[in-house]
Amino acid sequence: MDISKAPNPRKLDLCRKYFFAGFAFLPFVWAINVCWFFQEAFNKPPYPEQSQIKKFVIFSAVGTFFWLIVLTAWIVIFQTNRTSWGATADYMSFIIPLGSA
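Residues numbered from 1 in each chain as written. Predicted model: local features only at pLDDT ≥ 70, side-chain atom pairs only at ≥ 80, totals over all residues. Heavy atoms only, no water.

As recorded in an unreviewed UniProt entry, the protein chain goes by the name Gamma-secretase subunit PEN-2, listed as coming from Drosophila rhopaloa. One UniProt comment on the protein chain, placed under Subcellular location (unreviewed entry), says "Membrane". As stated in UniProt under Sequence similarities (unreviewed entry), the record for the protein chain gives "Belongs to the PEN-2 family." (UniProt positions renumbered as here; feature names shortened; annotations may be inferred.)

Below, the structure written as structure tokens:
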């Protein structure tokens, strides 16, 4: 999608929609918001909507990194403790590996 052709109020509206969509446990949408609007927020000449776009881009980046840290921590904890959690961990698994390494 080429957002450079869109008018500035439309850019702000799209950036705001992507930001609020990320709260539906969709951190990938926040990452897309950062990628698409980073140039608009930080490298374009100033325009009235830019400060709000910048705010949404920064908060989207913070949300993305927060989810990245939380998911990484969960994956490490689950993988290292899966065998000691017994049947509870098996119920959380889609694929149950054989053995306990």
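Here the narrative resumes, following the displayed structure.
1. Some remarks on helix α3 (residues 50-81)
For α3, which comprises 32 residues, the first-to-last C-alpha distance of 46 Å matches the rise-based estimate of 46 Å (1.5 Å per residue) to within 8%. When we look at burial in α3, the residues that qualify are Gln50, Ile53, Phe56, Val57, Ser60, Ala61, Gly63, Thr64 and Phe78. On its buried side, α3 packs onto α1 (8-21), α2 (27-42) and α4 (87-92). (Helix = DSSP H or I, 4+ residues; strand = E, 2+ residues; numbered from the N terminus. Expected span 1.5 Å × (residues − 1). Buried < 20%, exposed > 50% of the residue type's maximum accessible area, 1.4 Å probe, protein only. Contact = heavy atoms within 4.5 Å.)

2. Observations concerning the packing of α1 against α2
Between α1 and α2, the shortest axis-to-axis distance is 8 Å and the interhelical angle comes to 155°. When the interaxial angle is binned, α1 and α2 end up roughly antiparallel. Where α1 crosses over α2, the two elements pack in a sense that is left-handed. On α2, the residues that touch Lys11, Leu14, Cys15, Tyr18, Phe19 and Ala21 of α1 are Val29, Trp30, Ile32, Asn33, Trp36, Phe37 and Glu40. Residues that form the contact of α1 with α2 fall into these classes: 10 nonpolar, 1 polar and 2 charged. (Axes fitted to C-alpha atoms, helices over the stretch in contact; angles between N-to-C directions. Parallel < 35°, antiparallel > 145°, perpendicular 65-115°, else oblique. Left-handed = near helix turned anticlockwise from the far one by under 90°. Nonpolar A, V, L, I, M, F, W, Y, C, P; charged D, E, K, R; others polar.)

3. Regarding α2
Taking 1.5 Å as the rise per residue, α2 with 16 residues should run 22 Å; its terminal C-alpha atoms sit 21 Å apart, in good agreement. At tryptophan 36, α2 shows its maximal bend, which comes to roughly 45°. Taken together, the buried positions of α2 are occupied by Pro27, Val29, Trp30, Asn33, Val34, Phe37, Glu40 and Ala41. The secondary structure elements touched by the buried residues of α2 are α1 and α3. (Bend = angle between axes of the 7 residues up to and from the residue.)

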